[in-house]
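Given next are the chains, with one letter for each unit.
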Amino acid sequence: MLSDGAGTSKETGAPGKLGRKRFWLWSRALLFALMLFGGYAAWLRLEPLTRPSLPELEIAPTLFLTDCNGRPLRSVTDEKWRRHLPLVQKDIPDIVRKAFIAAEDSRFYYHPGFDPIAIARASFYNFRSGRVVSGASTITQQLVKSTHPGEARTFERKFLEIIESVRVEWLLSKEEILTRYLNRVDLANNLIGVEAASRSYFGKKAAELSPVEAATLAALPKAPTRFDPWGPHPERLIARRDLVLGQMADNGVITEEEAEKAKEQPLDVLSAGPPEGAPHLTDYLLGFGRLSGRTGETALTIDLDIQKILIDALASNRHRLKASGASQAAGLIIDNRTMGVRALVGSFEYSPRDQGFVNGALARRSAGSTLKPFLYAAAMEQGYTPASVLDDFEQAFRSDEGEYLPLNYDRKSNGPVNLRMALGKSLNLPAVHLLNELGQERVYKILGLLNLLPYEAPPPDYYGLGLAVGNPEVRLIDLAAAYAVLANAGDYRPVSFLKEGAEAIPRRIFSTEATALVTNVLSDTLVRSSAFANFPPPAPLALKTGTSTHYRDGWTVGYTPEYTVAIWVGNFDGRETATLFGGHGAGPVFTDVMRGLYPGAPPPTFRLPDTVVLREVCAQSGVNPTPLCLERKTELFIVGNEPEGLCAYHEQGDGHDLPMKFAGWLDKRHSEGRESRYRLAGLPSNLDKLFIPPLPDKPARYSGPVRIGAPDEVPRMTPETYLSIVYPLDGDRYILTPGEESVELRFEASLRDPAEKIDWYVDGKEAGSAGPPYTLYWNAGRGRHRIMAVDGNGFGQTIEVSVE
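Quick caveat: nothing in here was measured; it's all calculated off a predicted structure.

Asks: Sorry if this is basic, but what is going on with the overall build of the protein chain here?
Replies: When helices and strands are counted, the protein chain shows 22 helices and 30 strands. For the protein chain, the accessible surface area stands at approximately 37500 Å², while carbon and sulfur atoms represent 53% of it.

Laid out in structure tokens, this is it:
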């Protein structure tokens, strides 16, 4: 049986299926109207209902993390997966209020909670269409309905909503109702309220929304899923937005011309997906409970503009580093004035690629030479100066794991070097000698105060003299904070992540003068590593590079008066790189960051305190020059610690006279045929030219019979004659290879004062005599051997070694 357009049967004239449906729709509409007016009349005589209570109209805020300028970083959901950031009434902009009123309830200010006109109109359209095509819910009704999510949409439920809406109108003003509604409205993607949606979709506060952005949000409540801004059909939202803009023009909120111009704009919303601003940092803060108990908007110290500089610098070097065997990198930028972390990037890409979810800024890696500035700052506290002469020659040291023989990066030694050169060139040997002089405990304590050692760090002996060359594993974030101490005149403060966090009380680590001298050395481009020749960072700034064993980790850390920047490159799984050291690996990234921080002008200069002065000194000895000192320079000194006495290197005018401790270095230098003006000071006249001609490869070797009668006991060393055996070390063990019955040992001694020769004894038998540098070779068989070195006055030292 067919039905005509009127909904009646053509054969019988009785109502068809469509007619019967419309009949029931009209009947329900009339019944609903009777119930509505009857219920309203009854409500006037009844006590106020208890649903909903005013607290039900509120939703607790969730945590919204922003950068220091209010730009979104991450929003955290509640137990219902909602994200909500409420606004107080005065902070809701007028354009947002009017956009939602135009879209949802044009007669909001004139009805008592329900709109009879809208109900009648909706009933008419629904009846004419044969289905529900229009609703009649007011803003007040939508507010009430949001407290009963998921309940069936029946006429009875609709009636109760109207009753509850009238009650809400009785209890609250229109502005209070509108404020609660705009804080509760569902705007898709579990974003509740206009502020949460505005931050997530447009990256700005609701107070900053334009009319077209306000219209976009106002278009969502009608069907949040259908009009999802991040959904696959943005054209639906655009069409709905344009309708809202037209209604806003009809209501006089904007002009017709403004509405038409707004309709031409694209749907300009932020992309959906994981956080892109500082995901490693927000993961850390949330995962380790650093934000426990916080809700609402929380501003971090991160600045997304500076964060982008760091991201771009890492990205532009990724291919180069990958080709050199470094699959990952991390970086950090600290504002020295506040110690706020302005940028933190934990990997090249926040993704599974190359373990990109790992936060490289928090991973402990071997620090390499980046710890040396703190050793030298400690030395400055003990009276050393940039002009102090340090020992750059090879020497074996005792360690818990056996013999420790440090070497410079280039496997060369330079004899006497000044502190400025030793730190600027990052020489290992002077650093180890200096640490041996200062004591491991002193430097270990300083590293602990700088938070560079783990909470339950092993004792100083575990690290030994390796503290000087960076064998402790440190975190990039802690290393940057430690360098900020040098930028902040010796005061330590931990890094901060919260913009409004409590300011930490500074803890004095170094004096202002010591940090000023170290900073001056680190910013000296004349002694800085040649690694930066092809990509020099803007000057002036202080920097230091570091490389761990087998090139596993490359570091560059530096600072200006304003910022400290730290860069690490390597592999999270500990794989070696292809001989990629700190200057060539992390250096270009560091340079790109600094150029981004200071694009139009150089960084501000470092200011020296009034307690640091310039003095002219001999370029070799670092003390007051004599007329015979042909090479001179000016150097910085702390007031009261200026050099005393005259240069002793040039007393004879035809060379550099060195202390006896450099005898071995001079011997090796001349045995290699390297001529120089260096010589040992204080030798007898017949030996004062000892190091001018090249010496034999092995200056002294035992041969022939031995003389019995070595001293049974070596007297204590005295200040007048200081002799020590520098090699072998007491307790050394030598392992023979299969087939060997003996091993050749090199004996070497050091004297404070010059002597013509010393005598060597092995197991009570004379092994031979040796002049400067007092070196002798001996073939030692299996067993334990007692070795003595004695000067002409009978003073010396004894040690024991074993051959197995």
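Don't stop here, the text continues.
Asks: Got a minute to help me understand the side chain of histidine 433 in this structure?
Replies: Inspection of the secondary structure puts histidine 433 in helix α15 (residues 428-438). Beyond its immediate stretch of four places on either side in the chain, histidine 433 contacts Asp391, Phe393, Gln395 and Phe397.

Asks: I'm lost on the packing of aromatic side chains in this one. Help?
Replies: One pair of aromatic rings is described through two measures. These are the centre distance and the angle between the planes. Overall, the coordinates contain 15 aromatic pairs when judged by the stated rule. Relative to phenylalanine 357, the ring of tyrosine 350 lies with its centre 4.9 Å away and its plane at 80°, an arrangement referred to as edge-to-face. Ring geometry for phenylalanine 747 against tryptophan 760: centres 5.2 Å apart, planes inclined by 35°, an arrangement best described as tilted. Taken together, the residues phenylalanine 747 in strand β25 (residues 742-751) and tryptophan 760 in strand β26 (residues 758-762) connect sequence positions 13 residues apart. Taken together, the aromatic side chains of Phe374, Tyr483, Tyr559 and Phe606 make up a single cluster linked through ring pairs. In this structure, arginine 337 packs its charged tip against the face of tyrosine 563, placed 5.8 Å from the ring centre.

Asks: Before we go on, may I ask you to explain the sheet that holds β25 in this structure?
Replies: In a beta sheet, neighbouring strands are held together by backbone hydrogen bonds and run either parallel or antiparallel to one another. In space, the three strands of this open sheet follow the order β23-β25-β28, with antiparallel pairing throughout. For this open sheet the edge positions go to β23 (723-727) and β28 (775-781), each flanked by a neighbour on one side alone. Sheet twist, expressed as the mean angle between neighbouring strand axes with direction ignored, is 35°. Sheet topology places β25 next to β28; seven bridges connect them, and they run antiparallel. Directly across from glutamate 748, in β28, lies its bridge partner threonine 775.

Asks: What's the story with the state of the cysteines in this structure? I'm lost.
Replies: What makes a disulfide is a covalent bond joining the sulfur atoms belonging to two cysteines. For the structure on display, the rule yields zero disulfides. Left without a disulfide partner, cysteine 629 is nearest to the cysteine sulfur of cysteine 647, which lies 3.6 Å away.

Asks: Just to check I follow, could you spell out unusual backbone geometry for this structure?
Replies: Note: most residues except glycine have negative phi, and most peptide bonds are trans. The residue after alanine 539, namely proline 540, is reached through a cis peptide bond having omega 5°. Its identity as a non-glycine residue notwithstanding, arginine 411 has a phi of 65°, on the positive side.

Asks: Would you mind showing me how to read the nonpolar core here?
Replies: Proteins that are soluble and globular tend to have nonpolar side chains buried together. Formed by 83 residues in total, the largest nonpolar core has its most connected members in Leu281, Phe374, Leu450, Leu452 and Leu479. Here the element with the most residues in this core is helix α18 (residues 476-487); it accounts for ten residues. If we ignore the near neighbours within four places in the chain, the residues touching phenylalanine 374 are Leu447, Leu450, Leu452, Leu479, Ala482, Tyr483, Leu486 and Phe510.

Asks: Mind showing me how you'd approach the confidence of the model for the protein chain here?
Replies: Interpretation of the predicted coordinates at a detailed level should be avoided for regions scoring low in pLDDT. The predicted model of the protein chain has a mean per-residue pLDDT of 83, with 82% of residues at 70 or higher. Within the model, pLDDT remains below 50 along residues 1-18, and this stretch shows 20 contacts once partners closer than five positions in the same chain are excluded. Every residue in residues 41-50 is under pLDDT 50, and counting partners more than four places away or in other chains gives eight contacts.

Asks: Would you take a moment to explain the packing of helix α9 (residues 234-250) against helix α10 (residues 256-263) for this structure?
Replies: Packed helices, taken two at a time, are described by their axes: the angle between them and the distance between them. Between α9 and α10, whose axes approach to 9 Å, the crossing angle comes to 170°. The orientation of α9 with respect to α10, classified from their angle, is roughly antiparallel. Between α9, through Arg241, Asp242, Leu245, Gly246, Ala249 and Asp250, and α10, the contact on the second element is made entirely by Glu256, Ala259, Ala262 and Lys263.

Asks: Can you help me understand the sheet that holds strand β24 (residues 733-734) in this one?
Replies: As summarised here, the arrangement of the five strands in space is β24-β30-β29-β26-β27, forming an open sheet in which the pairing is mixed. The strands lining the two open edges of the sheet, one partner per strand, are β24 and β27 (765-770). Examined bridge by bridge, strand β29 (residues 783-790) and strand β30 (residues 796-803) share eight bridges and lie antiparallel to one another. Pairing of glycine 783 across the sheet is with valine 803, part of β30.

Asks: Sorry, what's going on with the pattern of salt bridges here?
Replies: Note on pairing: side chains with opposite charge can pair once their charged atoms come close. This model, assessed by the stated rule, comprises 38 salt bridges. The salt bridge involving arginine 71 is made with aspartate 67; its shortest N-O contact spans 2.9 Å. A relative accessible area of 23% means that arginine 71 is categorised as partly exposed. Put simply, lysine 308 and aspartate 312 hold a salt bridge, and the shortest N to O gap is 2.7 Å. Of the two residues, lysine 308 and aspartate 312 are both situated in helix α12 (residues 304-323); the distance of four residues between them amounts to about one turn of the helix. Judged by relative accessible area, which is 51%, lysine 308 ranks as exposed.

Asks: Sorry if this is basic, but what is going on with the pairing of strand β2 (residues 72-75) here?
Replies: Regular strands place their side chains on alternate faces of the sheet. Bridge count between strand β1 (residues 63-66) and β2: three bridges; the pairing is antiparallel. Bridge pairing in β2 links phenylalanine 64 to serine 75. Here β1 folds back onto β2 in antiparallel fashion, the turn holding five residues, of which glycine 70 has a positive phi close to 90°.

Asks: Looking at this structure, I do not really get helix α8 (residues 211-218). What am I missing?
Replies: Three or four residues apart is the spacing at which side chains of an α-helix point the same way, because the helix has 3.6 residues per turn. Counted residue by residue, α8 has seven buried out of eight residues, so it is predominantly covered. Taken together, the buried positions of α8 are occupied by Val212, Glu213, Ala214, Ala215, Thr216, Leu217 and Ala218. On its buried face, α8 is in contact with α2 (94-104), α7 (194-202), α9 and α10.

Asks: Would you explain the environment of tyrosine 551 in this entry?
Replies: Within the secondary structure, tyrosine 551 is located in the loop between β16 (542-547) and β17 (553-559). Each C-alpha atom of the pair tyrosine 551 and glycine 585 lies 9.9 Å from the other, and the pair is 34 residues apart in sequence.

Asks: Sorry if this is basic, but what is going on with the environment of tyrosine 649 here?
Replies: The topology assignment puts tyrosine 649 in the loop between β20 (632-638) and β21 (656-658). Judged by relative accessible area, tyrosine 649 falls into the buried class, the value being 10%. Along the sequence, tyrosine 649 and cysteine 618 sit 31 residues apart, while their C-alpha atoms lie 9.1 Å from each other. Once residues lying within four places of it in the same chain are set aside, the contact partners of tyrosine 649 are Val389, Pro416, Gln620, Ser621, Gly655, His656, Asp657, Leu658 and Pro659.

Criteria and thresholds
Residues numbered from 1 in each chain as written. Predicted model: local features only at pLDDT ≥ 70, side-chain atom pairs only at ≥ 80, totals over all residues. Heavy atoms only, no water. Helix = DSSP H or I, 4+ residues; strand = E, 2+ residues; numbered from the N terminus. Areas by Shrake-Rupley, 256 points an atom, 1.4 Å probe, with all protein chains shown as cover. Contact = heavy atoms within 4.5 Å. Phe/Tyr/Trp six-rings, centres within 6.5 Å; stacked < 30°, edge-to-face > 60°. Lys NZ or Arg CZ within 6 Å of the ring centre and 35° of its normal. Pairing = 2+ DSSP bridges. Axes fitted to C-alpha atoms, helices over the stretch in contact; angles between N-to-C directions. Disulfide = S-S within 2.5 Å. Core = buried A, V, L, I, M, F, W, Y, C linked by side-chain atoms within 4.5 Å. Buried < 20%, exposed > 50% of the residue type's maximum accessible area, 1.4 Å probe, protein only. pLDDT = per-residue confidence, 0-100. Parallel < 35°, antiparallel > 145°, perpendicular 65-115°, else oblique. Salt bridge = Lys/Arg side-chain N within 4 Å of Asp/Glu carboxyl O.

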